[in-house]
Amino acid sequence: MALVVRPETTVRDAAIALAGSGFGQGGVAHEFVVRKGGEGEGEEGPRLLRATITNFGFEEHGIGGVTWPAAPLLAQYVIFGEQSFLCASSRVLELGCGNSALAGIATAAAFGCEVLCTDLPPVIRFARRNVNQNRAAIEQRGGRVRCQVLEWGSTARSSSSPPSSYDLILGADIVYRKEYYVP
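For the structure given in this document, a descriptive report is provided here. Note that the structure is predicted; figures quoted are calculated from it, not measured.

### Digging into the overall build of the protein chain
Thought 1: The number of helices and strands found in the protein chain is 6 helices and 7 strands.
Thought 2: Seen in sequence order, the protein chain has helices and strands lined up from the N terminus as β-α-β-β-α-α-β-α-β-α-α-β-β.
Thought 3: Across the 183 residues in the protein chain, those meeting the buried criterion constitute 47%.

### Some remarks on a nonpolar patch on the surface
Thought 1: On the surface, Val175, Tyr181 and Val182 cluster together into a nonpolar patch covering about 360 Å² of accessible area.
Thought 2: Position of Val175 relative to the elements: it lies in the segment after β7 (168-171).
Thought 3: Classification of Val175 by relative accessible area gives partly exposed; the value is 49%.

### Here we look at helix α5 (residues 121-133)
Thought 1: Under the 1.5 Å per step criterion, the end-to-end length of α5 is 19 Å for 13 residues, consistent within 8% with the ideal 18 Å.
Thought 2: Turning to α5, its buried residues are Val123, Ile124, Phe126, Ala127, Asn130 and Val131. Mapping the buried residues of α5 onto a view down its axis gives an arc of 160°, with all of them on the same face.

### As for the sheet that holds strand β4 (residues 91-95)
Thought 1: Taking strand neighbours across the sheet as the criterion, the 4 strands line up as β6-β5-β4-β7 in an open arrangement whose pairing is parallel. The open sheet has two free edges, formed respectively by β6 (144-149) and β7, since each of these has just one partner strand. With strand direction ignored, the average angle separating the axes of adjacent strands in the sheet is 20°.
Thought 2: Judged from the 4 bridges that link them, β4 and strand β5 (residues 114-119) form a sheet pairing that is parallel.

Rules behind the numbers
- Residues numbered from 1 in each chain as written.
- Predicted model: local features only at pLDDT ≥ 70, side-chain atom pairs only at ≥ 80, totals over all residues.
- Heavy atoms only, no water.
- Helix = DSSP H or I, 4+ residues; strand = E, 2+ residues; numbered from the N terminus.
- Buried < 20%, exposed > 50% of the residue type's maximum accessible area, 1.4 Å probe, protein only.
- Patch = residues over 30% accessible without salt bridge, like charges linked within 9 Å, V, L, I, M, F, W, Y side chains within 5 Å.
- Areas by Shrake-Rupley, 256 points an atom, 1.4 Å probe, with all protein chains shown as cover.
- Salt bridge = Lys/Arg side-chain N within 4 Å of Asp/Glu carboxyl O.
- Expected span 1.5 Å × (residues − 1).
- Arc of directions from axis to C-beta.
- Pairing = 2+ DSSP bridges.
- Axes fitted to C-alpha atoms, helices over the stretch in contact; angles between N-to-C directions.

In structure tokens, the structure reads:
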């Protein structure tokens, strides 16, 4: 299945497309329109960015095993939006990246920036697989994506400290359970 996310794609359209797939296991190709080419490349018009994301199955892994409609929509908003100010030196944090880390992958691949994708321990292993699966697209423009466990309200468990500040913090569909409201 392929989901082409254009700037005019609505939440409803994305939800129908993904729900129609039954959130099954396997790969889903996402294509995004990127407004500009990379720095110094002379590209004037839009280009397509392709990311292949593996869903690991809702039935087996619950809400963290699938890509929800908000992730590709957030990715398209960030990489095509008029407000986009990101560049290769930008640092981006994605909270609750889910199994796909899709917004982080697309942002790093489009702008060549550094992205830290975070989520809970049972989910982050899937995010790492999807980042590795899309490593060539990410690195083509010099992007970097790391995945790290982050439990809201706790100190991140990691051997390396995340940067102290970010140029952009992303979050798609991250406050869906009451126990996460306060953290």
